[in-house]
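Secondary and tertiary structure notes
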Amino acid sequence: MDSSKTITEIKSSFVRNQIRILSAALTPSEDWRDYGPVCEDDIPNKMVEEALQKLNAVLKKHNRAVFPSQAIHHVARQIESLYWNSIDPETGGDVSQGLVVEKGTDFTNSRSIARLPKQWREDGDVDEDDNLRYEQLHQRLLELDNQRKKQQERLAQYKQLAELLEPFKDPQMNIQPNLVTRDSPLGQEIDRMRMLVAKVTSRVGRAGKNVALEGNSQSMDDPKTKLSAVLDMT
């Protein structure tokens, strides 16, 4: 068994090999006629070959329909789950032999990470530095796995938002055209409103100046005001 492969890969390869054997073309033995009854009219070889050809075609079609790649992968994953459950303390497995971690275990899988022990070994034959390094790497792996889960949740939220914003990708078609186009009726109305505001502002300013001038002319009739104006001029 190749230790660089995961359990799923090994079992998938095994199942595919068995399916390949089942899908091999059927060929009769050379003396197959000796096992049949003796008759005067033998079956022509051409008819036998045509029947075998049709049978092999049906067999291949059946195997492709019954054993697709997804089914093979699913079976391999089930075998891996049974393997892990057999050595998992939480499921009542046999723990006397300790937790077995193969070289090809996929540590990008959250389940594989969760099954790792907190300490490398509990006996005293292992160097303390190795145990410390394993604990640090194990803790770092857990932190990275938690960060990945958070990123996956955030990605799922972003995908949901992207789906909600899907109708707004083509605003000229999906939203009211008079709200988004440059020469729309709404844009023309806004331009007219700006011109009207400018005119009103100008007239209000001139009216304010006229009121101020009238107030000054009325105040100059007062003798005290005239005296103050003369003193200011000096």
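Residues numbered from 1 in each chain as written. Predicted model: local features only at pLDDT ≥ 70, side-chain atom pairs only at ≥ 80, totals over all residues. Heavy atoms only, no water.

The protein carries the name Kinetochore protein fta4 in an unreviewed UniProt entry, which gives Blastomyces silverae as its organism.

So, the overall build of the protein
Keep this limit in mind: Counting from the N terminus, the helices are the DSSP runs of H or I reaching at least four residues and the strands are the DSSP runs of E reaching at least two. With a 1.4 Å probe rolled over the protein chains alone, any residue whose accessible area is under 20% of its type maximum counts as buried; one over 50% counts as exposed, and the rest are partly exposed. Surface accessibility in these figures is a Shrake-Rupley result with a 1.4 Å probe; residues are shielded only by whichever protein chains are displayed.
Counting secondary structure elements, the protein contains nine helices and zero strands. Buried residues in the protein amount to 13% of all 234 residues. Summing over all exposed atoms, the protein offers an accessible surface of approximately 19,800 Å²; the carbon and sulfur share of this is 56%.

Overview of the packing of helix α1 (residues 7-22) against helix α3 (residues 69-86)
Heads up, the condition is: Axis angles are defined between N-to-C directions and span 0 to 180 degrees, where every axis is a line fitted to C-alpha atoms and, for a helix, only to the segment in contact. Each angle is binned into one of four classes, with values under 35 degrees roughly parallel, values over 145 roughly antiparallel, values of 65 to 115 roughly perpendicular, and all other values oblique. Here a crossing is taken to be left-handed if its near helix is turned anticlockwise relative to the far helix by less than a right angle, and right-handed if that turn runs clockwise. Between two residues, a contact is recorded if the distance between any of their heavy atoms is within 4.5 Å. For this scheme, ten residues count as nonpolar: Ala, Val, Leu, Ile, Met, Phe, Trp, Tyr, Cys and Pro. Four count as charged, namely Asp, Glu, Lys and Arg, and the remainder, Gly too, count as polar.
Relative to each other, α1 and α3 sit at 135°, their axes nearing to 8 Å. Accordingly, the angle class assigned to the pair α1 and α3 is oblique. The hand of the α1/α3 crossing is right-handed. From α1, Ile7, Thr8, Lys11, Ser12, Val15, Arg16 and Ile19 reach across to α3, where they touch Ile72, His73, Ala76, Arg77, Ile79, Glu80, Tyr83 and Trp84. A breakdown of the residues in the contact of α1 with α3 according to their chemical character gives eight nonpolar, three polar and four charged.

Thoughts on the side chain of Asn56
Take Asn56: it is sitting in helix α2 (residues 45-66). Owing to a relative accessible area of 13%, Asn56 belongs among the buried residues under this scheme. Apart from residues no more than four positions distant in its own chain, Asn56 is found in contact with Ala25 and Leu26.

Some thoughts on the confidence of the model for the protein
What counts is decided by this rule: Confidence of the prediction at every residue is given by pLDDT, a number between 0 and 100.
Per-residue confidence for the protein averages 75 on the pLDDT scale, and 69% of its residues sit at or above 70. Per-element confidence in the protein ranges from a low mean pLDDT of 54 for helix α9 (residues 223-233) to a high of 89 for helix α5 (residues 128-164). Note that pLDDT drops below 50 for residues 91-98; the model gives that stretch seven contacts with residues more than four away or on any other chain.

Points about the UniProt feature "coiled-coil region" (unreviewed entry) in the protein
Applied cut-off: UniProt positions are given in the numbering used here, feature names are shortened, and annotations may be inferred rather than shown by experiment.
Under the UniProt annotation, "coiled-coil region" (unreviewed entry) lies at residues 134-161. In residues 134-161, helix accounts for 100% and strand for 0%; the two terminal C-alpha atoms are 40 Å from one another.

What to know about the pattern of salt bridges
As a reminder of what qualifies: Only one rule defines a salt bridge in this text: a Lys or Arg side-chain nitrogen within 4 Å of an Asp or Glu carboxyl oxygen.
The final tally for this structure, using the stated rule, is five salt bridges. Close ionic contact of Arg140 with Glu143 constitutes a salt bridge, the shortest N to O distance being 3.8 Å. Of the two residues, Arg140 and Glu143 both sit in helix α5, three residues apart, roughly one turn of that helix. Judged by its relative accessible area of 35%, Glu143 falls in the partly exposed class.

Details of α2
Heads up, the rule is: Helix span, expected: 1.5 Å multiplied by one less than the number of residues in the helix. Summarising the geometry, the arc corresponds to the directions from the helix axis toward the C-beta atoms.
Taking 1.5 Å per residue, 22 residues should reach 32 Å; α2 reaches 31 Å between its end C-alpha atoms and fits that length. Turning to α2, its buried residues are Val48, Asn56 and Asn63. Down the axis of α2, the sector holding all buried residues measures 70°, keeping them to one side. Of the residues in α2, the exposed ones pointing more than 90 degrees away from the buried face are Lys46, Met47, Gln53, Lys54, Val58, Lys61, Arg64 and Ala65. Looking at the packing, one finds that the buried side of α2 touches α1.

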